[in-house]
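Okay, here's what each chain looks like letter by letter:
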Amino acid sequence: MKKTLKNTLMRIVLLSMVLIMTVGCFVSCGDDDTPDGTTPGGDSSVESLDAVGRLPDLDLDGKNVYFLIRKYAEYYSDLCVDELTVNSSTLDRAVYNRLTAVESLYNVNLSFITANDDEELYGVVSTTASNGDATYDIIVQHGAKIFEGAMSGFYKDWNDLKYVDLTADYWLQSAVENFSTPGGKLFAMNGDISYGSVGNTNVMFFNKTILEDAHLDSPYDLVDNETWTLENFIKLAKDADATLTNGNDAGDLTDAYGYITQRYRGPGSAIAATGGRGLKLGNDGKYTISLRDERAVTAFATYRDFLLNSGAAYYSSEDITKVRPVFNDGRAVFTDDNLKCAVNLKDTGIDFGIVPWPKYEESDEYFSVVGSGTNTFAVLKTVTEEQSDVISAVLEAMAVYGQKDVMSYYFDTVVSYQAAPDVRCYEMIQLIHSLRDVDITGYLRVGGIADIGRLIIEEPARYGTSLTTAVSVMENLVYAGLEVWYALDNE
């Protein structure tokens, strides 16, 4: 891994040396009100242009394709911008132009129907699928809810979608591998069709000013030296916490901390830091719970003790939107959150940096887990063969143009240039992007295994205080849920 990481960082450094002179132009000259609606960053690679050329030559005669999606602005605007106005951002224009390009390419109408929240959307899908209807063509939802629907038999196998090329890099290859059943069926997907698949990648933010003023190590250097480990992170957070003078000793979200996290952030990452996953697929085609491994048990115990007993860290079960202001106000040295938050952090005045979540030991690999809350895509099993062909053509084109026009702008410009405050941060973002991974544990969520970290912290009376105990409490439910997953291969 050391050789691989060093080679990766070297490529990133060389690239940044070529591009660094343009960063200032991108940041200072990036105009969100470009009058002609063009998309900066839209000059795509040869591969993207070739992919456009490989799309099927179809005339769909004005057919309607219906997406069912959450009403939340963040998830809706990821795929659809209804109209452009003088206030539309360049990213909005890229999304809008993607839709019009696909509609024009196939002579098709793309319509987006919204449900108020995940529960309502799931109810609509359940009713539709149970009635044998195909009212909606493409379901876009929270990943865990999509997999809940898959377990209920609602969705079509993506391997049967005629025009979808699952080997293409605009589909997230980690999802192709990890979302598949042991028998190879694939009921959900993600990739460059959604810029949220990058934005919802988990990272570690840190306050550069606090660390520099305290003359403490830079996490950038620790990553470079392969020493950005859980142990060194905890030491750095404790040392930095000891220098804080802006806390009020309230012990709540109004106080200051070396590290602050939320229930769906740190606990899961502490387990993943060992390089393991909650569920491990064996050669026999069956999953086992891998969390009894000594390294995972020790890593989580170390993290839990730091979180609950050091006085330098704070764990919150509040909504993440209530936790973010602690870091944004300069009252936390470290916080783990989604990469997309960098876009808003640039307006807070905080001089921040970004690194991967620390690994457990130096010999481990860094990791970048894509959170299951991001838009995830499925197709109702009840669609006709004719509908299926139309849907597959639309999905493929949405992903191809997503890579070419939307993701190229969102990642290359919005996240990498405009949001990154310095070249080192830019380099780390490239590294994190190259390490993106999905963990089936967080999507399939059988028996509570996806939440095992937070359950230990929040409900120790039931789940105990260690991974070993918690696994023993939930393993029967986990394996019972997995049997339902395996059964899908026989349908």
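This structure is a prediction, so every number in the text was calculated from the model and none was measured.

Undergrad: Just checking my understanding: could you explain the packing of aromatic side chains for this structure?
TA: To describe a pair of aromatic rings, you give the distance between the ring centres and the angle between the ring planes. Here the structure, examined in full by the defined rule, presents 31 aromatic pairs. Grouped by ring-pair contacts, the aromatic residues Phe206, Tyr220, Trp228, Phe233, Tyr259, Phe300, Tyr303, Phe306, Phe334, Trp357 and Phe367 constitute a single cluster. The ring centre of tyrosine 366 lies 4.3 Å from the NZ or CZ of lysine 359, which sits over that ring.

Undergrad: Mind showing me how you'd approach the state of the cysteines here?
TA: Applying the stated criterion across every chain, the model contains zero disulfides. Cysteine cysteine 341 remains unbridged, with the sulfur of cysteine 425 as its closest cysteine sulfur at 13 Å. The exposure class assigned to cysteine 341 is buried, which follows from its relative accessible area of 11%.

Undergrad: So what exactly am I meant to see when it comes to the pattern of salt bridges here?
TA: A side chain with one charge can pair with a side chain of the opposite charge if their charged atoms come near. In the structure shown here, the tally under the stated rule is 25 salt bridges. Between arginine 424 and aspartate 224 there is a salt bridge, with the nearest N and O atoms lying 2.8 Å from each other. With arginine 424 in helix H17 (residues 423–434) and aspartate 224 in helix H10 (residues 219–224), the pair connects residues that are 200 residues apart, well separated along the chain. Since its relative accessible area comes to 27%, aspartate 224 is described here as partly exposed. Notably, a salt bridge pairs arginine 324 with aspartate 337, separated by 2.6 Å at the nearest N-O pair. Taken together, the positions of arginine 324 in helix H14 (residues 320–328) and aspartate 337 in strand E9 (residues 332–338) put the pair 13 residues apart, joining distant regions of the chain. Overlapping salt bridges, with partners in common, bring together Arg263, Arg445, Asp451, Arg454 and Glu458 in one network.

Undergrad: Can you help me understand the nonpolar core in this one?
TA: One broad rule of soluble globular proteins: the nonpolar side chains tend to lie buried together. Grouped together as the largest cluster of nonpolar side chains are 164 residues, with contacts concentrated most on Tyr259 and Phe334. Per element, the largest residue contribution to this core is 19 residues, and it comes from helix H16 (residues 385–419).

Undergrad: In this structure, what is going on with the side chain of aspartate 255? I would like to understand it.
TA: Looking at where aspartate 255 falls in the secondary structure, it is placed in the loop between helix H11 (230–241) and strand E5 (257–262). It is arginine 331 that comes nearest to the buried, bridge-free aspartate 255 among opposite-charge side chains, at 6.6 Å. At 3.3 Å, the side chain of aspartate 255 and the backbone nitrogen of aspartate 249 are in polar contact. Reaching out from aspartate 255, the side chain makes a polar contact with the backbone nitrogen of glycine 251 at a distance of 3.1 Å. When near neighbours in sequence (up to four residues on either side) are disregarded, aspartate 255 contacts Gly247, Asn248, Asp249, Ala250, Val326 and Arg331.

Undergrad: What exactly am I supposed to notice about the packing of H11 against helix H13 (residues 294–309) here?
TA: A pair of packed helices is characterised by two quantities: the angle between their axes and the separation of those axes. As a packed pair, H11 and H13 sit with axes 11 Å apart at the nearest point and diverge in direction by 5°. With respect to each other, H11 and H13 are oriented roughly parallel. On the side of H11, the interface is formed by Leu230, Phe233, Ile234, Ala237 and Lys238, while H13 contributes Ala299, Thr302, Tyr303 and Phe306. Residues that form the contact of H11 with H13 fall into these classes: seven nonpolar, one polar and one charged.

About the criteria used
Residues numbered from 1 in each chain as written. Predicted model: local features only at pLDDT ≥ 70, side-chain atom pairs only at ≥ 80, totals over all residues. Heavy atoms only, no water. Phe/Tyr/Trp six-rings, centres within 6.5 Å; stacked < 30°, edge-to-face > 60°. Lys NZ or Arg CZ within 6 Å of the ring centre and 35° of its normal. Disulfide = S-S within 2.5 Å. Buried < 20%, exposed > 50% of the residue type's maximum accessible area, 1.4 Å probe, protein only. Salt bridge = Lys/Arg side-chain N within 4 Å of Asp/Glu carboxyl O. Helix = DSSP H or I, 4+ residues; strand = E, 2+ residues; numbered from the N terminus. Core = buried A, V, L, I, M, F, W, Y, C linked by side-chain atoms within 4.5 Å. Lys, Arg positive; Asp, Glu negative; His and termini not counted. Polar contact = N/O pair within 3.5 Å; in protein donor to acceptor, adjacent residues only side chain to side chain. Contact = heavy atoms within 4.5 Å. Axes fitted to C-alpha atoms, helices over the stretch in contact; angles between N-to-C directions. Parallel < 35°, antiparallel > 145°, perpendicular 65-115°, else oblique. Nonpolar A, V, L, I, M, F, W, Y, C, P; charged D, E, K, R; others polar.

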